[in-house]
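# Understanding the architecture of this molecule
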Amino acid sequence: MHETKEQDAVEAAKPIPVVLPVLTGMMVTLVTVAFARLAFGLILPSMRTDLGLSYQQAGTLVTAAALGYLFLVMVAGVFASRRGGRAAVMLGLSLTTAGFILLGAGSHFGLLLLAMLMLGCGTAFAYTPVISLLAGYYPHRRGSVIGVTNSGIGIGMLMASLLIPSLVELTGNSAWRWAWGVFAVASMIALACSLAFLPNPKIAVPASTAGGSASVYRDKRLILTGLLYGVVGTTYIAQTTFMFSYALESGISASTAGHLSALLGVLSIFAGPCWGLFSDRFGRPAALLISVALNVVATILPVLLPTITGFTLHYLILGCTVSGMFTSILTIAAESVEPRLAPRATSYVTLFYAVGQLAGPALAGLLIEYAGGFRTAFTASTLVLALGFVLGCRLVRLSRRPA
């Protein structure tokens, strides 16, 4: 009897095979980042036409999702560290499912606003907790696990870019309702897979945790990592928001610009796992500095060369390297603290990213409108990314110091 109990304990301690949990993580990022946050721009034209929304109202809906994410990302980290990453992910997916259903069924602006807020809250509770959960459960493959999990974002955007135009052709102005409905079904599937396949390790909580928890927010390495992630949020979201319009203003056809944008999404699907493997083998600092440096080059190219060549190189380099920044930053954050505090650490650095993604497009819009146009905005983005490279160098030096 005693031997049987010991065998059961050993079996329970064995890690779950990596494939199904990581595929589930891909589904979680696909739903909560690609569908819940990034696909709104693709759905908006049909939605505006059918409901008669103004651009101001559309912007308010986007802001509601961003604020929901910003205000709850830290709460989600604390929740995950206390209740477990799987519980946080399932709560987040429940919120996104409800938000998708409300968006698909609603017409009143107040209801749409509530639904978008729920999507932002759901992303906060699901995205960073699933990253820290899988990174902590497979510590020897952190980089590759995070890279593969994040590839769900590119897959989701590719699926959305194929699905929504087809729905417009089939259903006309009601295509947006069908799209939100499809997203709701995908969120339900991700919720079921999370319950079935995500690991649910026991949370070891010491007798006194207050000091250790507070130390996360004072850690110099994490603060530098967060500042760098804030730089990424400020520049990347501004680029995805305005680079397409800059290409059109520079004489690139809408069809060509659309293909270049799709190229970025396709490349990012494969780039995430590759950067993860690279960082596992050669170290997070090397992956981080190389990816940030290449993103500086990618951002300045259309400023110096506003032609088809410049924009092609921009999207090509960005598609191949932006995943390296996300993967390296989140992996560094997860490895900077003990496993039980990893959700708080990843949520903490993501708070900087959330502030950046809220401020970046607004500041870029002001520069475009009042200070010289797209070239000024993307020159500023290049300078901010160069500052990120300097922060990355400081982070590397800090990481090399003996503890």
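Calculation notes
Residues numbered from 1 in each chain as written. Predicted model: local features only at pLDDT ≥ 70, side-chain atom pairs only at ≥ 80, totals over all residues. Heavy atoms only, no water. Helix = DSSP H or I, 4+ residues; strand = E, 2+ residues; numbered from the N terminus. Rg over C-alpha atoms; globule rule 2.2 N^0.38 Å. Buried < 20%, exposed > 50% of the residue type's maximum accessible area, 1.4 Å probe, protein only. Lys, Arg positive; Asp, Glu negative; His and termini not counted. Charge placed at Lys NZ, Arg CZ, Asp CG, Glu CD. Disulfide = S-S within 2.5 Å. Salt bridge = Lys/Arg side-chain N within 4 Å of Asp/Glu carboxyl O. Phe/Tyr/Trp six-rings, centres within 6.5 Å; stacked < 30°, edge-to-face > 60°. Axes fitted to C-alpha atoms, helices over the stretch in contact; angles between N-to-C directions. Parallel < 35°, antiparallel > 145°, perpendicular 65-115°, else oblique. Left-handed = near helix turned anticlockwise from the far one by under 90°. Contact = heavy atoms within 4.5 Å. pLDDT = per-residue confidence, 0-100. Patch = residues over 30% accessible without salt bridge, like charges linked within 9 Å, V, L, I, M, F, W, Y side chains within 5 Å. Areas by Shrake-Rupley, 256 points an atom, 1.4 Å probe, with all protein chains shown as cover. Polar contact = N/O pair within 3.5 Å; in protein donor to acceptor, adjacent residues only side chain to side chain. Core = buried A, V, L, I, M, F, W, Y, C linked by side-chain atoms within 4.5 Å.

## Section: the overall build of the protein chain
- Secondary structure assignment for the protein chain yields 15 helices and 0 strands.
- In terms of overall size, the protein chain behaves like a compact globule, its C-alpha atoms giving a radius of gyration of 21 Å where 403 residues would be expected to give roughly 22 Å.
- Principal axes of the C-alpha set define a box for the protein chain whose edges measure 75 × 50 × 35 Å.
- The 403 residues of the protein chain split such that 50% are buried.
- Charge-centre separation for the protein chain: the mean point of 23 positive side chains lies 9 Å from the mean point of 12 negative side chains.

## What about the state of the cysteines?
- Inspection of every chain in the model, using the stated rule, returns 0 disulfides.
- Cys274 forms no disulfide, and the closest cysteine sulfur to it belongs to Cys320, at a distance of 9.0 Å.

## So, the pattern of salt bridges
- Tallying each qualifying case throughout the model produces 3 salt bridges.
- A salt bridge links Arg142 to Glu335; the shortest N-O distance between them is 3.6 Å. Remark: Glu335 occurs in helix α13 (residues 308-335) and Arg142 occurs in helix α7 (residues 142-171); sequence separation between them is 193 residues.
- With a closest N to O distance of 2.7 Å, Asp280 and Arg284 form a salt bridge.
- A relative accessible area of 11% places Arg284 in the buried class.
- When salt bridges that share partners are traced, they join Arg142, Asp280, Arg284 and Glu335 into one network.

## Some details on the packing of aromatic side chains
- Scanning the entire structure with this criterion turns up 17 aromatic pairs.
- Both rings, one in Tyr246 and one in Phe311, keep their centres 5.1 Å apart while their planes meet at 70°; by these two values the pair is edge-to-face. Placement of Tyr246 in helix α10 (residues 220-249) and of Phe311 in helix α13 is noted, with a sequence separation of 65 residues between them. Just as Tyr246 is buried, Phe311 falls in that class too.
- An aromatic cluster of at least three residues, connected via ring pairs, comprises Phe35, Phe40, Phe100, Trp180 and Phe183.

## Points about the packing of α13 against helix α14 (residues 342-370)
- Following both chains from N to C, one finds α13 and α14 inclined at 135°, their axes separated by 8 Å at the closest point. In terms of orientation, α13 and α14 fall into the oblique class. Like other packed secondary-structure pairs, α13 and α14 cross with a definite hand, here right-handed. Here α13 contributes Phe326, Leu330, Ala333 and Ala334 to the contact with α14, which in turn contributes Ala342, Ala345, Thr346, Val349, Thr350 and Tyr353.

## As for the confidence of the model for the protein chain
- The pLDDT averaged across the protein chain works out to 85; a share of 92% of its residues lies at or above 70.
- Counting interchain partners and residues more than four positions distant, the pLDDT-below-50 stretch residues 1-13 has 0 contacts.

## Description of a nonpolar patch on the surface
- Together, Val19, Leu20, Leu23 and Phe197 make up an exposed nonpolar region whose accessible area comes to about 340 Å².
- No other element matches the 3 residues that helix α2 (residues 19-38) contributes to the nonpolar patch.
- Secondary-structure assignment places Leu20 in helix α2.

## Comments concerning the side chain of Ser336
- Relative to the elements of secondary structure, Ser336 occurs in the loop between α13 and α14.
- On the accessibility criterion, Ser336 (19% relative accessible area) is buried.
- Engagement of the side chain of Ser336 in a polar contact is seen with the side chain of Arg221, the distance being 3.1 Å.
- Residues contacting Ser336, with those up to four places away along its chain left out, are Arg221 and Leu222.

## Things to note about the nonpolar core
- Counting residues in hydrophobic clusters, the biggest one holds 105 residues, and the most contacted among them are Phe35, Met47, Phe100, Trp180, Phe183, Tyr229 and Tyr236.
- The contact partners of Met47, leaving out residues within four places of it in the chain, are Phe40, Gly52, Leu53, Leu103, Leu112, Trp176 and Trp180.

## Topic: the environment of Leu42
- Tracing the backbone shows Leu42 in helix α3 (residues 40-51).
- Looking at Leu42, the relative accessible area reads 36%, which means it is partly exposed.
- Contacts of Leu42, omitting those with residues within four sequence positions, involve Met157, Ala160, Ser161 and Ile164.

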